[in-house]
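Architecture at a glance
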Amino acid sequence: MTTRIVFKIAGMECPNCAMTLESLEDKLPGVQRAEASYHKAQMVVEFDEDRVSEAQIRAAIQKLGYEAQ
Amino acid sequence: MVSILLAFITGLTTGGLSCLAVQGGLLASSLAGQIEQSVQNLPAGPAGKKKHRPAQSAPRPALALPILVFLAAKIVAYTLLGALLGFAGQMFQLSPLTRAALQIGIGIFMLGTALRMLNVHPIFRYFAIEPPAFIRRRLRKTASGADGSNLLTPAFLGLLTVLIPCGVTQAMLAAALSTASPLSGAAMMAAFTLGTSPVFFAVAYFTTRLGARLEKHFMRFVAVVILILAIFTVDTGVALAGSPVSLTRALSGIFAVPAAQTALDQAPAQTASGEDIITINVLNTAYSPDVIHAKAGVPLKLRLVTNDVRSCSRAFVIPALDVQRLLDATGEAVVDIPPQEKGAQIPFSCSMGMYGGIIIFDL
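Residues numbered from 1 in each chain as written. Chains lettered and ligands numbered in written order. Predicted model: local features only at pLDDT ≥ 70, side-chain atom pairs only at ≥ 80, totals over all residues.

A tally of regular secondary structure across chain A gives 3 helices and 4 strands. Each helix and strand of chain A, placed in order from N terminus to C terminus, yields the pattern β-α-α-β-β-α-β. Across the 69 residues of chain A, 41% fall into the buried class. (Helix = DSSP H or I, 4+ residues; strand = E, 2+ residues; numbered from the N terminus. Buried ≥ 20, exposed ≤ 12 C-beta atoms within 10 Å, placed from the backbone.)

This part is about the overall build of chain B. The secondary structure content of chain B amounts to 11 helices and 10 strands. Within chain B, buried positions represent 44% of all 363 residues. Within chain B, residue pairs in contact and separated by at least 24 positions form 76% of the contacts whose partners lie at least 6 positions apart. (Contact = placed C-beta atoms within 7 Å.)

Okay, the sheet that holds strand β4 (residues 67-68) of chain A next. Remark on secondary structure: sheet strands pair via backbone hydrogen bonds, oriented parallel or antiparallel. Residue and element names in this part refer to chain A. The strand order across the open sheet built from 4 strands is β2-β3-β1-β4, with neighbouring strands paired in antiparallel fashion. Taken across any chain shown, the strands that pair with only one partner, and hence form the sheet edges, are β2 (31-37) and β4. Across 2 bridges, strand β1 (residues 2-10) lies against β4 in antiparallel orientation. If you follow A10 over to β4, its bridge partner there is E67. (Pairing = 2+ DSSP bridges.)

Next up on the list: the confidence of the model for chain B. Residue and element names in this part refer to chain B. Looking at chain B as a whole, its pLDDT mean stands at 76, while 73% of the residues score no less than 70. Under a pLDDT of 50 for its full length, residues 36-61 has, in the predicted model, 57 contacts with residues more than four places off or in other chains. In this model residues 256-265 is a low-confidence stretch, pLDDT under 50, and it forms 10 contacts with partners more than four residues away in sequence or in other chains. Reported confidence for the predicted complex is 0.84 by ipTM and 0.64 by pTM. (pLDDT = per-residue confidence, 0-100.)

Another point: the nonpolar core. Within soluble globular proteins, side chains that are nonpolar generally end up buried alongside one another. Counting 97 residues, the largest nonpolar core has A:I9, A:L21, A:I61, B:M172, B:A176, B:M188 and B:M189 as its most contacted members. Ranked by residue count, the leading element in this core is helix α8 (residues 182-206) of chain B, at 11 residues. If we ignore the near neighbours within four places in the chain, the residues touching A:I61 are A:F7, A:L21, A:Y66 and A:A68. (Core = buried A, V, L, I, M, F, W, Y, C linked by C-beta atoms within 7 Å.)

This part takes up the sheet that holds strand β9 (residues 345-350) of chain B. Residue and element names in this part refer to chain B. The sheet built from 5 strands is open, its strands ordered β4-β10-β9-β6-β7 with mixed pairing. In this open sheet, the two edge strands, each paired with only one partner strand, are β4 (291-294) and β7 (323-326). Between one strand and the next, the sheet's axes are offset by a mean angle of 20°, whatever the strand orientation. For β9 and strand β10 (residues 356-361), the ladder comprises 5 bridges, and the chain directions are antiparallel. (Axes fitted to C-alpha atoms, helices over the stretch in contact; angles between N-to-C directions.)

In this section: unusual backbone geometry. The omega torsion across B:S288 and B:P289 is 0°, close enough to zero to call that bond cis. You can see B:P289 is positioned in the loop between β3 (287-288) and β4. Look at A:A41: it is not a glycine, yet its phi comes out positive at around 55°. Its place among the elements puts A:A41 in the loop between β2 and β3 (42-48). Judged by the 19 C-beta atoms lying within 10 Å of it, A:A41 is partly exposed. In this model, B:D308 sits at a positive phi of 55°, which is unusual for a non-glycine residue. Inspection of the secondary structure puts B:D308 in the loop between β5 (300-306) and β6 (315-318).

Residue and element names in this part refer to chain B. Here V162 lies in the loop between α6 (152-160) and α7 (167-178). A C-alpha to C-alpha distance of 9.8 Å links V162 and I75, two positions 87 residues apart in sequence. Once residues lying within four places of it in the same chain are set aside, the contact partners of V162 are A77, Y78 and L81.

Moving on to helix α1 (residues 15-22) of chain A. Given 3.6 residues to a turn, an α-helix orients residues that are three or four positions apart in the same direction. Counting buried positions along α1(A) yields 8 of 8 residues, so the element is predominantly enclosed. Among all positions in α1(A), only A:P15, A:N16, A:C17, A:A18, A:M19, A:T20, A:L21 and A:E22 are buried.

Residue and element names in this part refer to chain B. Turning to its location among the elements, L194 is positioned in helix α8. Judged by the 19 C-beta atoms lying within 10 Å of it, L194 falls in the partly exposed class. Separated by 123 residues in sequence, L194 and L71 place their C-alpha atoms 8.3 Å apart. With residues up to four places along the chain from it excluded, the contact list for L194 reads F8, G11 and I75.

See the structure below:
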């Protein structure tokens, strides 16, 4: 089942950070779409709850050097 | 020639720093494929944010070529853009006031960029150009899909830097537009981008872990430099708009050279028809005299004398009278000024607003 969560992201310093965060789409199986915005300091993630959990996504964001609030 | 040299120096100094702040991420992305092939078991870190870490781990010779390809592509892209803007400038002659508005707009953008980099308020994030999601996705796929031998990725990403010009680059693009010549516009942008290249190369090639730690301080320094540049950019725009008060003018008053001051006392000569005539020597970095006292109520002829002048002072403008004149490098030109009321003040400047002066009708 597809779930959609909007994460507030702390630690984005430039538009390139959005691209970095969106790499979750490739790196984390189960993430179907990740769209980050430096302007809004947020990321919209659509994922398959059966394959990946919200906690795992938060951990992956942290591993990339950002904080999901 | 002087403006091309100035463009190169601008690139080498401030341009390199500010562009690195904006485009550094793309350069890092272009190196990602190379690094991933060079270093096994590399943590899957972000291309942009942690750019120093992989650069340190990768064998350096393997990085030189993609960096050079990225920079070469960037130079090609901006040279073409410069030619295009020069051509556009040729097609649409911008009025001094339009140019002033453009300059002030660019200055405000730079100001916002500096305040964003200093994290003054989240609202300033909107001063950063964020590529649309589909372009970001395309960039990411291209960067991550590239293997080390593929130099197309850095070339492609180098070309894409035209989509994210930094503040100083945008000022230079406006200057290329005002050259009104495809050749001059291309030469100016090529010189500027070439000037930015050593900083890009040095940071990508030589950065260390210490550099990563100092990145924040370095970016603050860049922000302050951009902030100062922004103030001067807005100021030149204000001068170009014909304001008698400007920071540059105030500073040139403080540091006025004696030759210019003695020239202030020059009395206007009269022509046979009774018109006043005043000679202004157009120099590479000033107009002499720059404060002119003229008689009110009679026509005035400004005799502009150039002698091997190669700077933007050749592009003489009087915004209030909508006068624009591109002077020969060596020669003379006369600008007619209709009779003015007593007390009127008419500023003049170069088309960039960098050098200027004022005519005061108080005699």
